[in-house]
Amino acid sequence: MEYSNLRRQAAYMKKSLFDQGYLDEQFYQLEELQDDVSPNFVEEVVTLFFRDSARLISNIEQALDKCPQEFSKLNAFVHQLKGSTSSIGASRLKNECTRFRDYCDEENLEGCLKSFQKLKREHAVLRQKLESYFQLLRQVGPVEKATRPSM
């Protein structure tokens, strides 16, 4: 596939991540930190996010399995996860973390369980989409500077 077609495909893929609500403005800010010295900065940050978030999701799952549930502990884990999702601009995940925390505040176990399942699905989908995006970017090669799609 021709270089310009790959670049167009990468731009379209990124735009669709925003249009579908997976990413928000924070992702652009991360891209603006990327430079010649750290050409893979965003991918490295996102890779660290997925490593850390997998650990937090495991902690949440363990806390949900305990009886009785410690909603304050669950809330603390989800708060950490929400902070991480915000730092990379993972909008849909951040919103689900907010819902989960609301259920924790209400001590609503059923709501927590449903929200957790949705959170895990959103996490898996985002991971797959971003892995595909970064794979395409590696084929395209270094980019001059972060660009925002025209609306």
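On a predicted model such as this, the values are computed, not experimentally measured, just so you know.

Quick notes on the rules
- Residues numbered from 1 in each chain as written.
- Predicted model: local features only at pLDDT ≥ 70, side-chain atom pairs only at ≥ 80, totals over all residues.
- Heavy atoms only, no water.
- Helix = DSSP H or I, 4+ residues; strand = E, 2+ residues; numbered from the N terminus.
- Buried < 20%, exposed > 50% of the residue type's maximum accessible area, 1.4 Å probe, protein only.
- Phe/Tyr/Trp six-rings, centres within 6.5 Å; stacked < 30°, edge-to-face > 60°.
- UniProt positions renumbered as here; feature names shortened; annotations may be inferred.
- Contact = heavy atoms within 4.5 Å.

Undergrad: Account for the overall build of the protein, with residues named and values stated.
TA: Summing up its helical and strand segments, the protein has six helices and zero strands in all. Helices and strands in the protein line up, N terminus first, as α-α-α-α-α-α. If you line up the protein on its principal axes, its C-alpha atoms span 55 × 30 × 25 Å. Across the 151 residues of the protein, 38% fall into the buried class.

Undergrad: Would you mind going over the packing of aromatic side chains in detail, with residue names and values included?
TA: Taken as a whole, this structure holds six aromatic pairs when the rule is applied. Geometrically, the ring pair formed by Phe49 and Phe50 is edge-to-face, given 4.9 Å between the ring centres and 65 degrees between the ring planes. On the accessibility criterion, Phe49 (4% relative accessible area) is buried. Cluster of aromatic residues (ring-pair linked, three or more members): Phe18, Phe27, Tyr28, Tyr133 and Phe134.

Undergrad: So what about the UniProt feature "modified residue: Phosphohistidine" (unreviewed entry) in the protein? Which residues, and what values?
TA: Summarizing the sequence annotation, UniProt attributes the feature "modified residue: Phosphohistidine" (unreviewed entry) to His79 in the numbering used throughout. Examined against the element boundaries, His79 turns out to sit in helix 4 (residues 71-88). For His79, a relative accessible area of 46% corresponds to the partly exposed category.

Undergrad: Go over the environment of Val46, please, and point to the residues and values.
TA: Relative to the helices and strands, Val46 resides in helix 3 (residues 41-65). For Val46, a relative accessible area of 3% gives the class buried. Distance in space between the C-alpha atoms of Val46 and Gln139 is 18 Å, their sequence separation being 93 residues. The contacts of Val46, once residues within four sequence positions are left out, are Phe27, Leu130 and Phe134.

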